[in-house]
Amino acid sequence: MHEAPPTPSPTSPAVPAEPLSHGLKQRHLTMLGLGGVIGAGLFVGSGAGIAVAGPAIVVSYLIAGALAMLVMRMLGEMSAAMPASGSFSVHAERALGRWAGFSVGWLYWFLLVVVLAVEATAAAQIAHGWVPGVEPWAWVLLFMVVFTVANLTAVKNFGEFEFWFASLKVGAIVVFLVLGGLAVFGLLPDTDPVGMTNLTGQGGFLPNGWSGVVSGVLTVVFAFGGLEVVTIAAAETDDPARAVGRAVRSAVVRILFFYVGSMLVIVTVLPWTAQQAGLSPYVKVLDAIGVPSAGQIMNIVVFVALLSALNANLYGSSRMIFSLAERGEAPRGLLKVSGGGADGSSGQAGGVPRRAVLASVAFGFVSVLLNLLWPDTVFLYMLNSVGAVLLFVWALIAASQLRLRARLEQEAPDALALRMWWFPYLTWVTLAGLLGVLLLMLTDDAARPQVLWSAGATALVLLVAVGREWRERRARRAPSALTDR
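Residues numbered from 1 in each chain as written. Predicted model: local features only at pLDDT ≥ 70, side-chain atom pairs only at ≥ 80, totals over all residues. Heavy atoms only, no water.

## Points about the overall build of the protein
The condition that has to hold: Labels follow the DSSP assignment, with helices taken as runs of H or I lasting at least four residues and strands as runs of E lasting at least two, numbered in each case from the N terminus. Each radius of gyration is computed over the set of C-alpha atoms, and the globule rule expresses the reference value as 2.2 Å times the number of residues to the power 0.38. Think of it in three bands: residues with accessible area under 20% of the maximum for their type are buried, residues over 50% are exposed, and the middle band is partly exposed, with areas taken using a 1.4 Å probe on protein chains only. Two residues qualify as a contact provided that any one of their heavy atoms is within 4.5 Å of a heavy atom in the partner residue. For accessible areas, the Shrake-Rupley method is used with a probe of radius 1.4 Å. Any residue's cover is judged against the shown protein chains and nothing else. Neither His nor the chain ends contribute to the count of charged residues, in which Lys and Arg are positive and Asp and Glu negative. Working definition for charges: the position is that of NZ of Lys, CZ of Arg, CG of Asp or CD of Glu.
Within the protein, the regular secondary structure consists of 19 helices and zero strands. Scaling as 2.2 N^0.38, a compact globule of 485 residues should have a C-alpha radius of gyration of about 23 Å, and the protein matches this with 23 Å. Reported as C-alpha extents along the three principal axes, the dimensions of the protein are approximately 90 × 50 × 45 Å. Relative to its 485 residues, the protein shows a buried fraction of 55%. Of the contacts made within the protein by residues no fewer than 6 positions apart, 79% connect residues no fewer than 24 positions apart. Put simply, the protein shows about 19200 Å² of open surface, and 67% of that area lies on carbon and sulfur atoms. Both charge centroids of the protein, one from 30 positive and one from 27 negative side chains, sit 8 Å from each other.

## A short note on the pattern of salt bridges
Selection criterion: A pairing counts as a salt bridge when a side-chain nitrogen of Lys or Arg comes within 4 Å of a carboxyl oxygen of Asp or Glu.
Taken as a whole and judged by the stated rule, the model has nine salt bridges. A salt bridge links Glu93 to Arg327; the nearest nitrogen and oxygen atoms lie 2.9 Å apart. In this pair, Glu93 is assigned in helix α5 (residues 88-96) and Arg327 in the loop between α14 (294-326) and α15 (354-373), connecting sequence segments 234 residues apart. The burial state of Glu93 is the same as that of Arg327; both residues are buried. Look at the salt bridges and you will find they share partners, linking Glu77, Arg405, Glu409 and Arg419 into a network.

## Observations concerning empty space enclosed by the protein
Under the convention used in this document: With a 1 Å grid spanning the protein atoms alone, the term cavity applies to any set of points in which a 1.4 Å probe fits but cannot get out, the term pocket to an open set with protein on both sides within 12 Å along at least five of seven lines, and the term lining residue to any residue with an atom within 4 Å of a point. Grid points are joined across faces, edges and corners, and a volume is the space filled by probe spheres set on the points. Under the scheme applied, nonpolar residues are Ala, Val, Leu, Ile, Met, Phe, Trp, Tyr, Cys and Pro; charged residues are Asp, Glu, Lys and Arg; polar residues are all the others, including Gly.
Applying the stated criterion across every chain yields a total of two cavities of 30 Å³ or more. The calculated volume of the largest cavity comes to roughly 40 Å³. Considering the residues around the largest cavity, the lining is formed by Gly65, Ala68, Met69, Phe224, Leu227, Val252, Ile255 and Leu256. Of all the elements in the fold, those that place two or more residues in the lining of the largest cavity are α4 (57-81) and α12 (240-269). Of the residues in the lining of the largest cavity, the class split is seven nonpolar, one polar and no charged.

## With respect to the packing of aromatic side chains
The cut-off we apply is this: When two rings of Phe, Tyr or Trp (its six-membered ring) have centres within 6.5 Å they constitute a pair, described as stacked for plane angles under 30 degrees, edge-to-face for angles over 60, and tilted for the intermediate range.
The full count for this structure, using the stated rule, is 19 aromatic pairs. For the pair Phe110 and Phe363, a centre-to-centre distance of 6.0 Å together with 70 degrees between the ring planes defines the contact as edge-to-face. One end of the pair, Phe110, is in helix α6 (residues 98-130); the other, Phe363, is in helix α15, and 253 residues separate them in sequence. Classification of Phe363 as partly exposed rests on a relative accessible area of 26%.

## What to know about the confidence of the model for the protein
Put simply, the rule is: Residue-level confidence of the predictor is what pLDDT reports, using numbers from 0 through 100.
Of the residues in the protein, 91% reach a pLDDT of 70 or more, and the chain-wide mean stands at 82. No element of the protein has a lower mean pLDDT than helix α16 (residues 378-385), at 75, and none a higher one than helix α18 (residues 425-443), at 92. The low-confidence segment residues 1-17, where pLDDT is below 50, has 55 contacts with residues more than four positions distant or belonging to other chains. Confidence over residues 341-348 falls short of pLDDT 50; this stretch has 16 contacts with residues more than four positions distant or in other chains.

## Overview of the packing of helix α7 (residues 136-152) against helix α8 (residues 155-184)
How we decide: Orientation is described by axes fitted as lines to C-alpha atoms, over the contacting stretch for helices, and by angles from 0 to 180 degrees between their N-to-C directions. Roughly parallel means an angle under 35 degrees; roughly antiparallel means over 145; roughly perpendicular covers 65 to 115; every other angle is labelled oblique.
Orientation of α7 relative to α8, taken along the N-to-C sense of each, is 125 degrees, at an axis distance of 7 Å. Classified by the interaxial angle, the pair formed by α7 and α8 is oblique. Counted together, Phe147, Ala150 and Asn151 of α7 and Asn157, Phe158, Phe161 and Phe165 of α8 form the full contact between these two elements. Partitioned by chemical class, the residues of the contact of α7 with α8 number five nonpolar, two polar and no charged.

## Describing the side chain of Ser87
Residue position: Ser87 is located in the loop between α4 and α5. Setting aside its immediate chain neighbours within four residues, Ser87 contacts Leu75, Ser79, Thr231 and Ile232.

## Considerations on a nonpolar patch on the surface
Worth spelling out the cut-off: Only residues whose relative accessible area exceeds 30% and that form no salt bridge enter a patch; like-charged residues are grouped when within 9 Å of one another, and nonpolar side chains (Val, Leu, Ile, Met, Phe, Trp, Tyr) when within 5 Å.
On the surface, a nonpolar cluster with roughly 900 Å² of combined accessible area is contributed by Trp137, Leu141, Val145, Val149, Phe365, Leu369, Leu372, Leu373, Trp374 and Val378. Every element with two or more residues in the nonpolar patch is listed here: α7 and α15. By the secondary structure assignment, Trp374 is in the loop between α15 and α16. Take Trp374: its relative accessible area is 42%, and that puts it in the partly exposed class.

## A closer look at α18
This is how it is decided: How far a helix is expected to stretch is found by multiplying one less than its residue total by 1.5 Å. Of all possible arcs, the one meant is that of the directions from the helix axis to the C-beta atoms.
With 19 residues, α18 extends 27 Å from end C-alpha to end C-alpha; this agrees with the ideal 27 Å at 1.5 Å per step. Listed in full, the buried residues belonging to α18 are Leu426, Thr427, Thr430, Leu431, Leu434, Val437, Leu438 and Met441. Along the long axis of α18, the arc covered by the buried residues comes to 150 degrees, so they all point the same way. Away from its buried face by more than 90 degrees, α18 exposes Tyr425, Trp428 and Thr443.

## Some details on unusual backbone geometry
Backbone torsion omega between Phe423 and Pro424 reads 5 degrees, so that peptide bond is classified as cis. At Trp422, a position not held by glycine, the phi torsion is positive, near 45 degrees. With respect to the secondary-structure elements, Trp422 resides in the loop between α17 (389-411) and α18. Among the residues examined, Trp422 registers a relative accessible area of 67% and is labelled exposed.

Written out as structure tokens, the structure reads:
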């Protein structure tokens, strides 16, 4: 099963123009789910959250993680019942109409190709520090070429890249949790038990009150973005329904454990006042417990995390625009896929949407160029215009699940292999939570521009979507009007 054409029935059979490969294995999907959101936002960006919330950053991560977990459960339910390379864009179209599928698909594609530029530039800066003789732009070019080639070949190459990248990131966090846990209990050489001192000192567990926890949520919620790619990739496995169900079940709980566990170790080992925005709290902890070259070790981990995210975003953006083309929402020329074995085996690159990959990487190159030339003007506006798009996407996922769940229970209850908990109450709670985060961002001076610019970009895409539907309705009415005469 691959993807169904736009139709009001959520259970229509898949009729793709040209089939994508089924070269991804369960281990690829599971590790993609685990490693997809473990990136620079956790390893470096978490310092900003600790600086505003103190030890209560653990609560901030619990709230943000629970929100992400609920969204993923809803998305997993729909993807297991109706696997599609367009994932939530297809679900939104079936649930709410073509305008919704068009809007969420193009917004998500734009989000991925803009963020891709940030990741490529950040990885290039780290590589430039290691090899100063090579300019950052040359590193960016190298990364983009390497991952473009990887995505133009068999999809299993993407899966292997992500499997090993994610394995390194997950391994690094496991080692960190073990070393941090030993340090907390004074089981490492030259260490004494820490106890609860750092959790209750320096202003207590809530040094900035619950407003600090809320600010922490606004800081860290976007670090959970990226899990959506799992449901996009599931369509290229041999058994999409089973694969996505297993990946979602295993990923969300373990990722929550990694995030919350890491934060608990960090604020227990060191006083929260020792952390500051822009510096990795992981490096500070590793330095404190005597791990040699902690800074360079974490630089390597962050470097891998950035390349992993770049690879995943290029993959996700290419499949999203391919799905849009398949439903007539993007140029039909992007539907062309490579020949060869459709299973992606024996080194064959069959079933790869190469034109979709090239279209995504082309805009990615433009974004990188804008980031290198005008990081504080043109690119900053682009970045702000996608800053809150993830929350809009999550809200549409929840709205789609509300509509499709009822229809699936009536028309195809057996397809609900993975069910949302306490439906529909938790779905409504999730929607309320997402609205609350957006409203809180509007009250925050730093976050407000992102909401306003993202709202503007969303309104523009919605205007285009509504305009297209209006023109199509008018074109359909014209022949009937002539016939009546």
